[in-house]
Amino acid sequence: MKKIPKDDEPKVWLTVIKLVVGLAVMVGGVGLALWYAKDMDNGSAQTPSSDSWGISKDSPVRMKR
């Protein structure tokens with residue numbers, strides 16, 4: 001088993017700095033994406049019309065006619 005010389009081991013403070021920079025890049029990227037997305041026109045919600053149709057207006061009980 002070959003022992004790693006002390007000089008070849010990564011410094012703890014360098015690893016911490018890399019992790020902090022990586023986290024800052026990820027948080028900044030998400031923030032930038034959200035900032036960009038807030039200005040996009042994704043369309044607005046449409047108000048339901050008075051003559052709506054579909055399963056939401058169907059009665060679960062059959063009418064006897």
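One structure accompanies this document, and this report is about it. These numbers come from a predicted model, not from an experiment.

Bringing the overall build of the protein into the picture now. Each helix and strand counted, the protein has 1 helix and 0 strands in total. Buried positions account for 0% of the 65 residues belonging to the protein. When the accessible area of the protein is evaluated, it comes to approximately 7300 Å², of which 64% is carbon and sulfur surface.

Take helix α1 (residues 12-38) next. Helix length check: α1, at 27 residues, gives a terminal C-alpha distance of 39 Å against a target of 39 Å (1.5 Å per residue), a fit within 8%. Little of α1 sits out of view: just 0 of its 27 residues are buried.

Moving on, we come to a nonpolar patch on the surface. Together, W13, L14, I17, V21 and V25 line one region of the surface with nonpolar side chains, adding up to about 500 Å² of accessible area. Take L14: it is sitting in helix α1.

For the coordinates displayed, the defined rule picks out 1 salt bridge. One salt bridge connects K38 with D39, and the closest N-O pair in it is separated by 3.1 Å.

What counts and what doesn't
Residues numbered from 1 in each chain as written. Predicted model: local features only at pLDDT ≥ 70, side-chain atom pairs only at ≥ 80, totals over all residues. Heavy atoms only, no water. Helix = DSSP H or I, 4+ residues; strand = E, 2+ residues; numbered from the N terminus. Buried < 20%, exposed > 50% of the residue type's maximum accessible area, 1.4 Å probe, protein only. Areas by Shrake-Rupley, 256 points an atom, 1.4 Å probe, with all protein chains shown as cover. Expected span 1.5 Å × (residues − 1). Patch = residues over 30% accessible without salt bridge, like charges linked within 9 Å, V, L, I, M, F, W, Y side chains within 5 Å. Salt bridge = Lys/Arg side-chain N within 4 Å of Asp/Glu carboxyl O.

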